[in-house]
Amino acid sequence: MSDEIERNSRALIGALIEVYETLRLICTAFPIPVVLPKQEVEFDGATTIQAVSRLVEIIEDQPISEFEKAMIWGASLQWLSANKLISRYLNLSADPVSRMEIELLIQHAGDALIAYLDGEEQADTK
């Protein structure tokens, strides 16, 4: 793997982990807490995909606003898509279009989580 591909791969995985950690922390603060596994040593894609997939299925049961549910649901699906695309990126000699797709999905997932946190903050001040 070339240095550039390796740097890009590390950056993508790092961004994916950052969004996952934000999602994980948000889930612990739900009225009915949801525990997503913490990534202690190395990122475990299979475990996190399973956990976030389950979150997508159960978010509707949370006693939070429809806006908040939509933000978490959307962020989770975008994160899952980015996670799955990373293997395509790594297996197809770092296709630049795949990299852009992953970056876009990670950015949108992060933006949705920020919107969730901003909405929660505004609700706290009312």
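The following paragraphs examine the structure supplied in this document.

A word on the overall build of the protein
And then number 1: Across its full length, the protein carries four helices and zero strands.
And then number 2: Along the protein, helices and strands appear, N-terminal first, in the series α-α-α-α.
And then number 3: Here the C-alpha atoms of the protein give a radius of gyration of 15 Å, agreeing with the 14 Å that 2.2 N^0.38 yields for 126 residues.
And then number 4: Going through the 126 residues of the protein one by one, you find that 39% of them count as buried.
And then number 5: Roughly 7,400 Å² of accessible area belongs to the protein as shown, and the carbon and sulfur atoms make up 55% of that amount.
And then number 6: Treating the 10 positive side-chain charges of the protein as one cloud and the 21 negative ones as another, the clouds have centres 2 Å apart.

Quick notes on the pattern of salt bridges
And then number 1: Scanning all chains against the criterion turns up six salt bridges.
And then number 2: With its nearest N and O atoms 2.9 Å apart, the salt bridge here joins Arg-24 to Glu-21. On the criterion of helical spacing, the pair formed by Arg-24 and Glu-21 is a turn pair, its members being three residues apart in helix 1 (residues 3-28). The burial state of Arg-24 is the same as that of Glu-21; both residues are buried.
And then number 3: A salt bridge links Glu-57 to Arg-54, with the nearest nitrogen and oxygen atoms 3.3 Å apart.

What counts as what
- Residues numbered from 1 in each chain as written.
- Predicted model: local features only at pLDDT ≥ 70, side-chain atom pairs only at ≥ 80, totals over all residues.
- Heavy atoms only, no water.
- Helix = DSSP H or I, 4+ residues; strand = E, 2+ residues; numbered from the N terminus.
- Rg over C-alpha atoms; globule rule 2.2 N^0.38 Å.
- Buried < 20%, exposed > 50% of the residue type's maximum accessible area, 1.4 Å probe, protein only.
- Areas by Shrake-Rupley, 256 points an atom, 1.4 Å probe, with all protein chains shown as cover.
- Lys, Arg positive; Asp, Glu negative; His and termini not counted.
- Charge placed at Lys NZ, Arg CZ, Asp CG, Glu CD.
- Salt bridge = Lys/Arg side-chain N within 4 Å of Asp/Glu carboxyl O.

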